[in-house]
Amino acid sequence: MKNVLFTNWHAMRWIRLAISAFMILQAIQHHEIFFGFIGAFFLFQAGFNSGCSLNGCTVPTYKNNKNE
(Lines give C-alpha, C1' and ligand atoms only; values in the text may rest on other atoms or scores of the structure.)
Protein backbone atom coordinates (compact mmCIF):
# COMPACT_ATOMS: atom_id res chain seq x y z
CA MET A 1 0.00 0.00 0.00
CA LYS A 2 2.88 2.35 0.78
CA ASN A 3 4.20 1.74 -2.74
CA VAL A 4 0.84 2.69 -4.30
CA LEU A 5 0.59 5.89 -2.27
CA PHE A 6 4.11 7.20 -2.91
CA THR A 7 4.91 6.16 -6.51
CA ASN A 8 3.62 6.88 -10.02
CA TRP A 9 2.38 10.43 -9.43
CA HIS A 10 1.36 11.77 -12.84
CA ALA A 11 -0.60 14.84 -13.90
CA MET A 12 -4.05 13.27 -13.49
CA ARG A 13 -3.33 12.27 -9.89
CA TRP A 14 -2.25 15.84 -9.10
CA ILE A 15 -5.41 17.20 -10.73
CA ARG A 16 -7.58 14.83 -8.66
CA LEU A 17 -5.72 15.91 -5.52
CA ALA A 18 -6.28 19.60 -6.34
CA ILE A 19 -9.98 19.01 -7.04
CA SER A 20 -10.38 17.10 -3.79
CA ALA A 21 -8.65 19.82 -1.77
CA PHE A 22 -10.84 22.50 -3.36
CA MET A 23 -14.05 20.51 -2.82
CA ILE A 24 -13.24 19.67 0.81
CA LEU A 25 -12.35 23.30 1.60
CA GLN A 26 -15.58 24.50 -0.01
CA ALA A 27 -17.56 21.89 1.92
CA ILE A 28 -16.08 23.12 5.20
CA GLN A 29 -16.60 26.82 4.39
CA HIS A 30 -20.19 26.44 3.16
CA HIS A 31 -21.24 23.60 5.47
CA GLU A 32 -22.20 21.37 2.51
CA ILE A 33 -21.85 17.68 3.25
CA PHE A 34 -22.43 16.67 -0.40
CA PHE A 35 -19.30 18.54 -1.54
CA GLY A 36 -17.41 16.84 1.28
CA PHE A 37 -18.38 13.41 -0.06
CA ILE A 38 -17.35 14.35 -3.58
CA GLY A 39 -14.05 15.73 -2.27
CA ALA A 40 -13.44 12.54 -0.30
CA PHE A 41 -14.15 10.52 -3.44
CA PHE A 42 -11.56 12.48 -5.43
CA LEU A 43 -9.11 12.19 -2.54
CA PHE A 44 -9.54 8.40 -2.58
CA GLN A 45 -8.97 8.34 -6.34
CA ALA A 46 -5.83 10.48 -6.06
CA GLY A 47 -4.40 8.54 -3.15
CA PHE A 48 -4.92 5.05 -4.54
CA ASN A 49 -4.56 5.93 -8.25
CA SER A 50 -7.96 4.52 -9.11
CA GLY A 51 -10.72 5.65 -11.41
CA CYS A 52 -11.57 5.21 -15.03
CA SER A 53 -8.07 5.95 -16.28
CA LEU A 54 -5.18 3.52 -16.49
CA ASN A 55 -7.33 0.49 -17.41
CA GLY A 56 -9.85 1.03 -14.64
CA CYS A 57 -12.97 0.79 -16.83
CA THR A 58 -11.80 -1.00 -19.95
CA VAL A 59 -13.96 -2.95 -22.34
CA PRO A 60 -12.75 -6.46 -23.29
CA THR A 61 -11.03 -6.50 -26.69
CA TYR A 62 -11.58 -10.16 -27.59
CA LYS A 63 -14.29 -11.11 -30.06
CA ASN A 64 -16.57 -14.09 -29.89
CA ASN A 65 -16.53 -15.73 -33.33
CA LYS A 66 -19.27 -18.29 -32.66
CA ASN A 67 -22.21 -18.18 -35.00
CA GLU A 68 -25.48 -18.14 -33.11
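To keep things clear, this report deals only with the structure shown in the data block. Within any chain, residue numbers begin from 1 and follow the written order of that chain's sequence. For a predicted model such as this one, the threshold for reporting local features is a pLDDT of at least 70, and the threshold for listing and counting side-chain atom pairs is 80 or more; totals across whole chains, interfaces and linings nevertheless cover every residue. Neither water nor hydrogens contribute to the side-chain values; these are computed over all heavy atoms in the structure.

What to know about the packing of helix H2 (residues 11-30) against helix H3 (residues 33-48)
The criterion, for reference: For helices, the fitted axis covers only the stretch in contact; all axes are lines through C-alpha atoms, and the angles between them, taken along N-to-C directions, range from 0 to 180 degrees. Helix and strand definitions here come from DSSP, where helices need a minimum of 4 consecutive H or I residues and strands a minimum of 2 consecutive E residues; each element is numbered from the N-terminal end. The labels follow the angle: roughly parallel below 35 degrees, roughly antiparallel above 145, roughly perpendicular from 65 to 115, and oblique for the rest. Helix crossings are classified by the rotation of the near helix relative to the far one: an anticlockwise turn of less than a right angle makes the crossing left-handed, while a clockwise turn makes it right-handed. Any two residues having at least one pair of non-hydrogen atoms within 4.5 Å are treated as being in contact.
In the contact formed by H2 and H3, the axes pass within 8 Å of each other and the chain directions differ by 155°. Judged by the angle between their axes, H2 and H3 are roughly antiparallel. Crossing hand, H2 versus H3: left-handed. Packed against H2, whose contacting residues are Arg 13, Arg 16, Leu 17, Ile 19, Ser 20, Met 23, Ile 24 and Ala 27, the element H3 presents Phe 35, Gly 36, Ile 38, Gly 39, Ala 40, Phe 42, Leu 43, Gln 45, Ala 46, Gly 47 and Phe 48 at the interface.

With respect to the environment of Leu 25
This is how it is decided: Buried means the residue's accessible area, taken with a 1.4 Å probe over protein chains only, is under 20% of the maximum for its type, while exposed means over 50%, and partly exposed covers the values in between.
Relative to the assigned elements, Leu 25 resides in helix H2. When its relative accessible area of 51% is taken as the criterion, Leu 25 is described as exposed. Taking the C-alpha atoms as reference points, Leu 25 and Phe 35, separated by ten residues in sequence, lie 9.0 Å from one another.

A few points about the packing of aromatic side chains
One pair of aromatic rings is described through two measures. These are the centre distance and the angle between the planes. Stated precisely, the cut-off is as follows: Aromatic rings from Phe, Tyr and Trp, taking only the six-membered ring of Trp, are treated as a pair when their centres fall within 6.5 Å; an angle between ring planes under 30 degrees marks them as stacked, one over 60 as edge-to-face, and anything in between as tilted.
Going through the model one piece at a time under the given rule, you end up with three aromatic pairs. When the ring of Phe 34 is compared with that of Phe 35, the centres are 6.3 Å apart and the planes differ by 55°; the resulting orientation is tilted. Accessibility expressed as a relative area gives 35% for Phe 35, which makes it partly exposed. When the ring of Phe 41 is compared with that of Phe 42, the centres are 5.8 Å apart and the planes differ by 65°; the resulting orientation is edge-to-face. Residue Phe 41 is classed as partly exposed on the basis of its relative accessible area of 45%. Classification of Phe 42 by relative accessible area gives partly exposed; the value is 23%.

Details of H3
Side chains three or four residues apart in an α-helix point the same way, a direct result of the helix having 3.6 residues per turn. Selection criterion: Expected span, for any helix, means 1.5 Å times one less than how many residues it has.
In this model H3 runs 23 Å from its N-terminal to its C-terminal C-alpha over 16 residues, within 8% of the 22 Å that 1.5 Å per residue would give. Following H3 by one or two positions, Asn 49 adopts a phi angle in the positive range, close to 55°.

A closer look at the side chain of Gln 45
Considering the arrangement of structural elements, one finds Gln 45 in helix H3. On the basis of relative accessibility, which here comes to 11%, the residue Gln 45 falls in the buried class. Once you skip the residues sitting within four places of it in the chain, Gln 45 turns out to touch Arg 16, Ser 50 and Gly 51.

Points about the environment of Leu 17
With respect to the secondary-structure elements, Leu 17 resides in helix H2. By relative accessible area, which is 28% here, Leu 17 ends up partly exposed. Sequence spacing of Leu 17 and Ala 46 is 29 residues, and the spatial spacing of their C-alpha atoms is 5.5 Å. Leaving out residues up to four positions away in the same chain, Leu 17 has contacts with Trp 9, Leu 43 and Ala 46.

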